[in-house]
Amino acid sequence: MRLRLLLLLALCGAGPTALGRSLSLRGSWRIRSGNGSLELPGRVPGCVHSALLQRGLIQEQSSFSWDWGPSFPTQGIWKDVRIEAYNICHLNYFMFSPIYDNHTQGWNLEIESSFDVVSSKPISGQVIVAIPKLQTQQTYSIELQPGERIVELFVKINKNVTVETWWPHGHGNQTGYNMTILFKLDGGLSIEKSAKVYFRTVELIEEPIEGSQGLSFYFKINGLPIFLKGSNWIPADSFQDRVTSDLLRLLLQSAVDANMNTLRVWGGGIYEQDEFYRLCDELGIMVWQDFMFACALYPTDRDFMNSVRAEVAHQIRRLKYHPSIIVWGGNNENEAALMMNWYNIPASELHTYIKDYVILYVKNIRKIVLAEDKTRPFIISSPTNGAESIKEGWLSVNPYDNNFGDVHFYDYISDCWNWKVFPKARFVSEYGYQSWPSFSTLEKVSSEEDWSYNSKFSLHRQHHADGNNEMLLQIGFHFKLPESTDTLQTFKDTIYLTQVMQAQCVKIETEFYRRSRSEIVDAQGYTMGALYWQLNDIWQAPSWASLEYGGKWKMLHYFARHFFAPLLPVGFEDQDVFFIYGVSDLRSDCKAKLTVRVHTWRSLEPLCSSETEHFVLKAGEAVLLYKESVPVLLENCGNCTRQSCVVSFYLSADSQLVSPTNYHFLSSLSESVGLHKAHITAIISQQGDTFAFDLETSTVAPFVWLDVGSIPGRFSDNGFLMTEKTRTVLFYPWKPTSKSELEQSFRVTSLMDIY
Ligand code: BMA
């Protein structure tokens, strides 16, 4: 009897070549990661191609530092290693794709299993595939010849049972079905596997739009156009062994709690661990999955390409059954890098790099994706012009064209309260502003001499050139800088202001994208995606993240919960006219009315309030609900001026609030008149697993920030404009805590406290 040994290395995104550092093996060894396996032909290289280092097979590319992260290049085998012996045969992997057949209007399942048959004789047996809830069971006879064998099965799902599809968060349930697959082989060998099968379709729609040049760029899930709202995901830690399931759940649940439905796994990090995608399936988070290439030019020599091909095939095999992954992306910003010539390539050499680009992303990666996965689209880069880039030879002259594909947009210099600076693009897959994480997060990795905005520590942790000044510049457009004489207090107040600024900037920008979903203005619009940069942090430092290292919500994350709400009134001004749009991501029409209030900074009683008639807000649309000239609005409201008043508005149905209460500032807060220091008190009480904070304020207070330091958990709302005397906010702890612990840590800050 022949016996084969299998070395099992549970490696994830870091990739198989980590082995190459310390081992050189000959023979038929297989390195496994999760439910996939990667075969290395003959020999595992004993030394590593330097390009592999660069592109993060051993380390992630961002291990060498990024503009939000430190340089901690890791190395070595960091998960369990074991050796397994087997005879007869071994199931290397099995994978499946649920595919909808338009012709028969039914679902099929394509299953592929790979065996290593070490017995010298053929092995025969039966395979039984069962999905009990769908009353589907099929039996197949198979015969496996010695050697590497692939078994392909085609399962027709019983058409008499309704298949419930998987939906993104906010659009329906994430129904999945338990499937078992049993291989009963000669010699009494039986191998059983089980998996969850989800059914859903994805289409990327690129088609002409009336009144606009170019093509649309949006996703249909199960035939329904869906606005993708969310953020970009980076590695959750510099050291992947610290990334536990609990941490992943916390971060991903926070995404869902902020009404996000999409995360883009950015191409400078890692292919995430299985648990990440499992959670995304369960929570209804759509994943835009980049292949791991970012902001660099890559070689195309034979060794390198072999490693890329193996990696891509492996990741597709490992991940393709996840309904959450809705699109594969070839790389991050490499089309733009080449076409905008970020690396100053002499014109005479450009064609070499373009040729390499096409070899890598088109002739290899794309080819493998198309061959291996029929269940989701592939786009070559982000940003890209999609079909237009293809037409232009895979690289577009301007990959940032608003009329095609997706764009990335960053502008730290212009005033972010001016929505006119933002691109009315089809899809905005990156945009954002930096802020500092809270003092409680920084405190853990710093000491007293570090606690000022210009300390060595503050400069050292800031990896984005001039980032700290850019934040102050942006703050300066609408807020006065802190005025305390106490250095530590000034540092804390500045941190607070960076968070206020970031939250407000990303709010205004995101609301602009959401209200652009149904209109074409000046030949541009139909925006169908807004993914801000970035969701999570890799360390305690200033960055674009809305979740701090460890998961604490920044003000931006609380704002995201509002600006991504399924029903949202969006207010903005154009030439002294105030507009309110109603945005609906719902699947059915909704009857509602709009209430608009004008408050004076001086009083907790609204000055005036008006209501519209009931109207029907159509499913999946953004429409104009209200329009009024600002002078008229103010005139009709007594003694109001832009500086002394603020507008709030909300949607309601049957006297119930159906949207968050939104607001619009009529002037910069640095010019406001009548704002006073607010005295805000809180009475904390425990209510089962949560804690209620009953707040009372002495006056109107903007950007009310409740902070319980390092006690893990989140509030039901935070950073809000308090225009009413009392308000109850809940605190959801992530670990057991107590009323007295909360009382001790609790601090409240609102804008006027810092002056
Ligand atoms: C984008 C990303 C990242 C970067 C971010 C902020 O370009 O792709 O490379 O961290 O901007 O600068």
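What you see is a predicted model, and the numbers here were worked out from it, not measured in a lab.

So, how was this worked out
- Residues numbered from 1 in each chain as written.
- Predicted model: local features only at pLDDT ≥ 70, side-chain atom pairs only at ≥ 80, totals over all residues.
- Heavy atoms only, no water.
- Helix = DSSP H or I, 4+ residues; strand = E, 2+ residues; numbered from the N terminus.
- Rg over C-alpha atoms; globule rule 2.2 N^0.38 Å.
- Contact = heavy atoms within 4.5 Å.
- Lys, Arg positive; Asp, Glu negative; His and termini not counted.
- Charge placed at Lys NZ, Arg CZ, Asp CG, Glu CD.
- Salt bridge = Lys/Arg side-chain N within 4 Å of Asp/Glu carboxyl O.
- Near = heavy atom within 4 Å.
- Polar contact = N/O pair within 3.5 Å; in protein donor to acceptor, adjacent residues only side chain to side chain.
- Areas by Shrake-Rupley, 256 points an atom, 1.4 Å probe, with all protein chains shown as cover.
- Pairing = 2+ DSSP bridges.
- Axes fitted to C-alpha atoms, helices over the stretch in contact; angles between N-to-C directions.
- Phe/Tyr/Trp six-rings, centres within 6.5 Å; stacked < 30°, edge-to-face > 60°.
- Buried < 20%, exposed > 50% of the residue type's maximum accessible area, 1.4 Å probe, protein only.
- Lys NZ or Arg CZ within 6 Å of the ring centre and 35° of its normal.
- Disulfide = S-S within 2.5 Å.
- Core = buried A, V, L, I, M, F, W, Y, C linked by side-chain atoms within 4.5 Å.
- Patch = residues over 30% accessible without salt bridge, like charges linked within 9 Å, V, L, I, M, F, W, Y side chains within 5 Å.
- Left-handed = near helix turned anticlockwise from the far one by under 90°.
- pLDDT = per-residue confidence, 0-100.

### Some points on the overall build of the protein
Next, step 1: Looking only at helices and strands, one finds 14 helices and 44 strands in the protein.
Next, step 2: The C-alpha radius of gyration of the protein comes to 28 Å, within 12% of the 27 Å expected for a compact globule of 755 residues.
Next, step 3: For the protein, contacts bridging at least 24 residues in sequence account for 69% of all contacts bridging at least 6.
Next, step 4: For the protein, the distance from the average position of its 67 positive side-chain charges to the average position of its 82 negative side-chain charges is 6 Å.

### Remarks on the pattern of salt bridges
A side chain of one charge can pair with a side chain of the opposite charge if their charged atoms are brought near each other.
Next, step 1: All chains considered together, the criterion is met by 26 salt bridges.
Next, step 2: Of the charged contacts, one joins Arg-264 and Asp-290 as a salt bridge, the two residues approaching to 2.8 Å between their closest N and O atoms. You can see Arg-264 sitting in strand E20 (residues 262–265) and its partner Asp-290 sitting in strand E21 (residues 286–290), a full 26 residues away along the chain.
Next, step 3: Linking Glu-519 and Lys-424 is a salt bridge whose minimum nitrogen-to-oxygen distance equals 2.8 Å.

### What to know about the site of the ligand
Next, step 1: Around the ligand, the neighbouring residues are Trp-66, Asp-67, Trp-68, Trp-266, Cys-295, Asn-332, Glu-333, Tyr-410, Glu-430, Trp-533 and Trp-544.
Next, step 2: In this structure, an oxygen atom belonging to the ligand sits 2.9 Å away from a side-chain N or O atom of Trp-66.
Next, step 3: Measuring from an oxygen atom of the ligand, one finds a side-chain N or O atom of Asp-67 at 2.5 Å.
Next, step 4: Protein contact buries 90% of the 300 Å² of open area that the ligand shows by itself.

### Regarding unusual backbone geometry
Next, step 1: For the peptide bond that leads from Ser-382 to Pro-383, omega is 0°, which places it in the cis range.
Next, step 2: Residue placement: Pro-383 occurs in the loop between strand E23 (378–379) and helix H7 (387–391).
Next, step 3: Going from Trp-533 to Gln-534, the amide bond is cis rather than trans, its omega being 5°.
Next, step 4: Summarising the element assignment, Gln-534 is placed in the loop between strand E28 (529–532) and helix H12 (555–563).
Next, step 5: In this model, Asn-344 sits at a positive phi of 50°, which is unusual for a non-glycine residue.
Next, step 6: By the element assignment, Asn-344 lies in the loop between helix H5 (334–339) and helix H6 (350–372).

### Regarding the sheet that holds strand E44 (residues 747–749)
Next, step 1: Overall, antiparallel pairing links the three strands, which are arranged E42-E40-E44 in an open sheet. Taken across any chain shown, the strands that pair with only one partner, and hence form the sheet edges, are strand E42 (720–722) and E44. Strand-to-strand, the axes of this sheet are offset by a mean angle of 40°, without reference to chain direction.
Next, step 2: One ladder, built from three bridges, connects strand E40 (residues 701–707) with E44; its direction is antiparallel.

### Topic: the packing of aromatic side chains
Next, step 1: If you walk through the whole model with that rule in mind, you get 58 aromatic pairs.
Next, step 2: Aromatic side chains Phe-276 and Tyr-277 sit 5.0 Å apart centroid to centroid with 80° between the ring planes, which places their arrangement in the edge-to-face category. Neither Phe-276 nor Tyr-277 differs from the other in exposure class; each is buried.
Next, step 3: Through a chain of ring-to-ring contacts, three or more aromatic side chains come together here, namely Phe-409, Trp-419, Phe-422, Tyr-431, Phe-512, Tyr-513, Tyr-532, Phe-563, Phe-564, Phe-572, Phe-579 and Tyr-581.
Next, step 4: For Arg-515, the ring lying beneath its charged end belongs to Phe-572, and the centroid distance is 3.3 Å.
Next, step 5: Over the aromatic face of Phe-720 sits the side chain of Arg-727, whose NZ or CZ is 3.9 Å from the ring centroid.

### Quick word on the state of the cysteines
Next, step 1: Applying the stated rule across the entire model yields three disulfides.
Next, step 2: One disulfide bridge connects Cys-608 with Cys-637, the sulfur atoms lying 1.5 Å from each other. Residue Cys-608 is found in strand E32 (residues 608–611), and its partner Cys-637 is found in the loop between helix H13 (630–635) and strand E35 (645–653); the two are separated by 29 residues along the sequence.
Next, step 3: A relative accessible area of 3% places Cys-637 in the buried class.
Next, step 4: Along the protein, the cysteines that take part in disulfide bonds pair up as 1-2, 3-4, 5-6, counted in sequence order.

### Overview of helix H3 (residues 274–283)
Next, step 1: Those residues of H3 not exposed but buried are Phe-276, Tyr-277, Leu-279, Cys-280, Asp-281 and Leu-283.
Next, step 2: The elements touched by buried residues of H3 are strand E19 (228–233), helix H2 (245–257), E20, E21, helix H4 (302–319) and strand E22 (325–329).
Next, step 3: Downstream of H3 by a residue or two, Gly-284 has a phi angle that is positive, lying close to 80°.

### Side note on H12
It helps to recall that an α-helix has 3.6 residues per turn; residues three or four apart then point in one direction.
Next, step 1: When you tally the buried positions in H12, you get seven out of nine residues, the bulk of the element.
Next, step 2: For H12, the complete set of buried residues consists of Met-555, Leu-556, His-557, Tyr-558, Phe-559, Ala-560 and Phe-563.

### Brief notes about the environment of Trp-167
Next, step 1: Relative to the assigned elements, Trp-167 resides in the loop between strand E11 (147–156) and strand E12 (177–185).
Next, step 2: The class of Trp-167 is buried, set by a relative accessible area of 11%.
Next, step 3: With 495 residues separating them along the chain, Trp-167 and Asn-662 place their C-alpha atoms 28 Å apart.
Next, step 4: The contacts of Trp-167, once residues within four sequence positions are left out, are Gly-172, Asn-173, Gln-174, Ile-221, Asn-222, Leu-224, Ile-226, Gly-284 and Arg-587.
Next, step 5: A polar contact of 3.1 Å, which involves the side chain of Trp-167, links it to the side chain of Thr-165.

### Here's the deal with the nonpolar core
Next, step 1: Within the largest apolar cluster, 146 residues are counted, with the highest numbers of intra-cluster contacts made by Trp-233, Phe-291, Ile-365, Phe-693 and Phe-703.
Next, step 2: In contact with Phe-693, not counting residues within four places along its chain, are Ala-682, Ile-683, Ile-684, Val-708, Phe-715, Arg-727, Thr-728, Val-729, Phe-731, Leu-742 and Phe-746.
Next, step 3: Core analysis: the next-biggest nonpolar cluster, separate from the first, contains 33 residues, Cys-89, Val-117, Ile-142 and Phe-183 among them.

### Topic: a nonpolar patch on the surface
Next, step 1: On the surface, Met-340, Trp-342 and Tyr-343 cluster together into a nonpolar patch covering about 260 Å² of accessible area.
Next, step 2: Relative to the assigned elements, Tyr-343 resides in the loop between H5 and H6.
Next, step 3: A relative accessible area of 33% places Tyr-343 in the partly exposed class.

### Focus on the sheet that holds strand E43 (residues 726–733)
Next, step 1: Strands sit in the order E38-E39-E43-E41 across an open sheet of four strands; the sheet is antiparallel. Of all strands in the sheet, those with a lone pairing partner are strand E38 (680–687) and strand E41 (713–715), marking the two edges. Going across the sheet, the axis of each strand differs from the next one's by a mean of 20°, ignoring polarity.
Next, step 2: Examined bridge by bridge, strand E39 (residues 690–697) and E43 share six bridges and lie antiparallel to one another. Bridge pairing in E43 links Phe-691 to Phe-731.

### Points about the pairing of E39
Next, step 1: Among the eight residues in E39, six count as buried, and that is most of the element.
Next, step 2: Relative to E39, E38 runs antiparallel, the two being bridged by eight bridges. Within E39, the position partnered with Ile-684 by the bridge is Phe-693.
Next, step 3: In textbook terms, the turn of a hairpin is the stretch between consecutive antiparallel strands, and for E38 and E39 this stretch comprises two residues, one of which, Gly-688, has a positive phi near 65°.

### Some words on the pairing of strand E10 (residues 136–144)
Next, step 1: Bridge analysis of strand E9 (residues 123–131) against E10 gives nine bridges, and the strand direction is antiparallel. Residue pairing for E10: Ile-123 is matched across the bridge by Leu-144.
Next, step 2: What sits between the antiparallel neighbours E9 and E10 is a turn of four residues, in which Gln-135 has the positive phi angle 45°.

### Examining the packing of H2 against H3
Next, step 1: The geometry of H2 relative to H3 is characterised by a closest axis approach of 10 Å and an angle of 35° between their N-to-C directions. As H2 packs across H3, the resulting crossing turns out to be right-handed. Facing H2, whose interface residues are Ser-245, Leu-248, Arg-249, Leu-252, Gln-253 and Val-256, H3 presents Glu-275, Phe-276, Arg-278, Leu-279, Cys-280, Glu-282 and Leu-283.

### Brief notes about the confidence of the model for the protein
Detailed reading of the predicted model is not advised wherever pLDDT is low.
Next, step 1: On average, the protein scores 92 in pLDDT, and the residues at 70 or more come to 92%.
Next, step 2: The model gives residues 6–57 a pLDDT under 50, and that stretch makes 142 contacts with residues more than four places away or in other chains.

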